[in-house]
Amino acid sequence: MKVGQVGRLSPRVAGIATGPAWMRGFQTSFDFVNGIYRLNNRRVPLHQIDGYHSRASARRAEDGQGVSREFGNGSMAITNQGYDGREGWTVLNADPLNPRAWPVVSGSVVSDEPGEFLGFASARRVASAGASFHRISNVITGGVISGQAYNVRALYKPISSPRFRLGVRSLADSSRLANLSGLVGGLAQTSATTGTFTNIVNKNLGGGFFEINATFTSTETTTATLDAGPDSATDGDAVIVIAAQITQTPYPMPFGVGTVAPDSLVIPAAVAGLAINPSATGLTMVWRGRAFESAVTFAALLEVGANSTVGSQNTCMLQYRKGQNFRADLVAAGTTVTRSLTGSLGEERAFVLTWRPDGSCRIVGAGEAHTVNRAPIAELATHVGVGCRARSPGPS
């Protein structure tokens, strides 16, 4: 039996009308980019797939051009990159999407910037009044904790300043700070008294828009603010601050407000036409998309599993694990065989996995092919998980 999905956070498996020929070879297949969905060998509308999706909050997701939009409670986040399935996360500063609400610091000159930028409509122009530390700031709820890793992320557009600054500053002592600053598109750490920045990523989004994101590891426990400004001592130099956030994850997450619930897309195997015993029929899975960093407990890209007497440990899973890149897990009767696969975060990859009744499993991706051996699941499959860990994790 076969199941296909193209892309996690960029899925694309399916066609049009009845779907392309390749889809018709699968019991169940989803093409989230082109909007074609098949369950148990027949095409179905998106709302039927969405009926198996859950999320206990609204959330935002970005398309391939970096434009963000909001998806309501429980609604699947589907953009031109595919289905964006994420673990839950918390944005720690109070007003990440509304820089107009941030207090002005040290005499900066500010004004509301009309219009919509990358899906956000509360941008603020921040101009220097003659000092590089002129900025706006937003309180980080709960402050920062020594030794904990966070992610800081901002969208901005330079106007007259060739520079930008994003930082974490102590409320107890404003001289204590950690800054990312420098020429637009090339920000680097320039101070480090409250913590250190690693994994610094500068992105030119085109159209004059830029993104900066980095892992911030705090070296002290303190109340703190997230700061942004033009990083210029030239009077009148200005930037537009569009959105900025700090999250409890060490890797970047979509922009949001407060606590965002995790996505879950789990389809009963019987509905998918996959209530089969892989040890008798075999199982083929195809996944194509881009993986984004997530916690180990959420790392599954595509999973077919069984609710069994051995708990959560009967599954066939493609996943992305931090520090281990892509990998396949074959779990049966509580024993796991894994196979590392090539590919990096954000890179589009495609994998075909065929687990045969004789216990041989062939896994093929661009430029790689592997055969591993593990007796297949010997009971009826119960669920198909897409872009999430459908059940509690098995052995690691």
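Values in this document were obtained by computation on a predicted structure and should not be read as measured data.

Trainee: Provide a residue-level description of the overall build of the protein chain, including the pertinent values.
Mentor: Helix and strand counts for the protein chain stand at 2 helices and 33 strands. Here the protein chain holds 396 residues, and 54% of them are scored as buried. In the protein chain, the proportion of contacts linking residues at least 24 apart, taken out of those at least 6 apart, comes to 63%. Just so you have it, the protein chain exposes about 14,300 Å², and 52% of that area is on carbon and sulfur atoms.

Trainee: An account of the environment of Arg-69 is requested, with residue identities and associated values reported.
Mentor: With respect to the helices and strands, Arg-69 occurs in strand S7 (residues 68-71). A relative accessible area of 46% means that Arg-69 is categorised as partly exposed. Taking the C-alpha atoms as reference points, Arg-69 and Phe-120, separated by 51 residues in sequence, lie 8.3 Å from one another. Setting aside residues no more than four positions away along its own chain, Arg-69 makes contact with Arg-59, Arg-60, Ala-61 and Ile-78.

Trainee: Describe the nonpolar core, listing the residues and the values that go with them.
Mentor: In this structure, Phe-32 and Leu-353 are the most contacted members of the largest nonpolar core, which totals 39 residues. In this view, Leu-353 contacts Leu-283, Thr-284, Met-285, Cys-316, Leu-318, Ala-328, Leu-330, Cys-361, Arg-362 and Ile-363; residues no more than four positions away in its chain are not counted. Counting residues in hydrophobic clusters, the runner-up holds 28 residues, among them Tyr-150, Leu-180, Leu-187 and Val-241.

Trainee: So what's going on with the confidence of the model for the protein chain? Residues and values would help.
Mentor: Averaged over all residues, the pLDDT of the protein chain equals 88, while 90% of them reach at least 70. Below pLDDT 50 for its whole length, residues 4-19 participates in 94 contacts with residues either more than four positions away or in separate chains. Taken as a whole, residues 392-396 scores under 50 in pLDDT and shows 12 contacts with residues more than four places along the chain or in a different chain.

Trainee: Let's hear about the side chain of Arg-153: which residues, and what values?
Mentor: In this structure, Arg-153 sits in strand S15 (residues 149-158). Here Arg-153 falls in the buried class, since its relative accessible area comes to 6%. At a separation of 2.9 Å, a polar atom in the side chain of Arg-153 contacts the side chain of Glu-211. Setting aside anything within four residues of it in sequence, one finds Arg-153 in contact with Glu-62, Leu-166, Glu-211, Ile-212, Asn-213, Ala-243, Ala-244, Gln-245, Pro-252, Met-253, Pro-254 and Phe-255.

What counts and what doesn't
Residues numbered from 1 in each chain as written. Predicted model: local features only at pLDDT ≥ 70, side-chain atom pairs only at ≥ 80, totals over all residues. Heavy atoms only, no water. Helix = DSSP H or I, 4+ residues; strand = E, 2+ residues; numbered from the N terminus. Buried < 20%, exposed > 50% of the residue type's maximum accessible area, 1.4 Å probe, protein only. Contact = heavy atoms within 4.5 Å. Areas by Shrake-Rupley, 256 points an atom, 1.4 Å probe, with all protein chains shown as cover. Core = buried A, V, L, I, M, F, W, Y, C linked by side-chain atoms within 4.5 Å. pLDDT = per-residue confidence, 0-100. Polar contact = N/O pair within 3.5 Å; in protein donor to acceptor, adjacent residues only side chain to side chain.

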